[in-house]
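Examining the three-dimensional arrangement
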Amino acid sequence: MNFTHAITKDVISQMPREIFPGDIVVVDTEKGVEEALLYLSSSTEVGFDTETRPSFSKKTHYKMSLMQLSSDNTCFLIRLNKFKKMPVSLELFLKNEAIKKIGLSLRDDFHGLNSLTKISPGNFIDLQQYIVQFGIEEMSLQKIYAILFGKKISKRERLSNWEAKVLTESQQRYAALDAWSCLRIYQFLERSK
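Now for a quick tour of the structure. (Residues numbered from 1 in each chain as written. Predicted model: local features only at pLDDT ≥ 70, side-chain atom pairs only at ≥ 80, totals over all residues. Heavy atoms only, no water.)

1. Points about the packing of aromatic side chains
- Tallied over the entire structure, the rule returns nine aromatic pairs.
- Ring geometry for Tyr145 and Phe149: centres 4.6 Å apart, planes at 45°, overall tilted. In this pair, Tyr145 and Phe149 both sit in helix 6 (residues 141-149), four residues apart, roughly one turn of the helix.
- Joined through ring pairs, the aromatic side chains of Phe48, Phe110 and Phe124 make up one cluster.
- Above the face of the Phe93 ring, Lys101 is positioned so that its terminal group lies 5.7 Å from the ring centre.
- For Arg184, the ring lying beneath its charged end belongs to Phe149, and the centroid distance is 3.9 Å. (Phe/Tyr/Trp six-rings, centres within 6.5 Å; stacked < 30°, edge-to-face > 60°. Helix = DSSP H or I, 4+ residues; strand = E, 2+ residues; numbered from the N terminus. Lys NZ or Arg CZ within 6 Å of the ring centre and 35° of its normal.)

2. With respect to the side chain of Ser43
- Here Ser43 is to be found in the loop between helix 2 (30-40) and strand 2 (45-52).
- Looking at Ser43, the relative accessible area reads 16%, which means it is buried. (Buried < 20%, exposed > 50% of the residue type's maximum accessible area, 1.4 Å probe, protein only.)

3. Points about unusual backbone geometry
- Even without being a glycine, Ser105 presents a positive backbone phi close to 55°.
- For Ser105, the position within the fold is in the loop between strand 5 (100-103) and helix 4 (106-114).
- For Asn123, which is not glycine, the phi torsion reads 60° and is therefore positive.
- For Asn123, a relative accessible area of 25% translates into the label partly exposed.

4. Here we look at the nonpolar core
- Ranked by size, the top nonpolar core spans 37 residues in total, and within it Leu127, Tyr130, Leu148, Ile185 and Leu189 carry the most contacts.
- Residue assignment for this core shows that the elements contributing at least two residues are strand 4 (74-78), helix 5 (127-130), helix 6 and helix 7 (169-192).
- With 11 residues, helix 7 is the largest single contributor of residues to this core.
- Once residues lying within four places of it in the same chain are set aside, the contact partners of Leu148 are Phe3, Ile136, Ile185, Phe188 and Leu189.
- Within the second largest apolar cluster, 23 residues are counted, among which are Phe93, Leu94, Leu106 and Leu113. (Core = buried A, V, L, I, M, F, W, Y, C linked by side-chain atoms within 4.5 Å. Contact = heavy atoms within 4.5 Å.)

5. Topic: the pairing of strand 5
- Note that strand 2 and strand 5 share three bridges and pair parallel. Counterpart to Glu45 in the pairing with strand 5 is Lys100.
- Note that strand 5 and strand 6 (residues 124-126) share three bridges and pair parallel. What sits directly across from Lys101, in strand 6, is Phe124.
- Handedness of the strand 5-helix 4-strand 6 crossover: right-handed. (Pairing = 2+ DSSP bridges. Right-handed = clockwise from strand over helix to strand, strands pointing away.)

6. Digging into helix 3 (residues 88-95)
- Listed in full, the buried residues belonging to helix 3 are Leu90, Glu91, Phe93 and Leu94. Buried residues of helix 3, seen end-on, are gathered within an arc of 160° and therefore sit on one face of the element. Structural note: helix 3 exposes Val88 and Leu92 on the side pointing more than 90 degrees away from its buried face. (Arc of directions from axis to C-beta.)

As structure tokens, then:
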């Protein structure tokens, strides 16, 4: 199957906006993490993304605030900033070779994870490397998604406060869409082979 190699922001701006179609579950307890991972462990592949509170100063750095893990119909938003240390069950899930974790620009995510725990993530697929075989030259999630599905992903919440006491509905939808869209891209391209 042939895909457009590149796309402009002007073209994307004319597209309808994508909306995450599933359930969103905010997780901020160890028990909640275990229940989320039990649910996801029946999947062979999940979408993966993280968010970190933005810093507007070179001297200030924040630890990873949120990890999003998505199946086809449910996205779990794990509020890492609510834990003193990463839950062991989450570490084991991230190392689990039996489940593919699909994300984009994973080097940044792994760097953030490394500041929380020393693990060797298992069976992660970085879409930026994966899409090359399909002739797609774009590297941003928004552009890859637009090429494949003709819809735009809003990035409005990207620089919001991911350590807020309560995540807004808009933040939740943005975070869920990012993880789910990684999974959707991978599944679509796998079927097109």
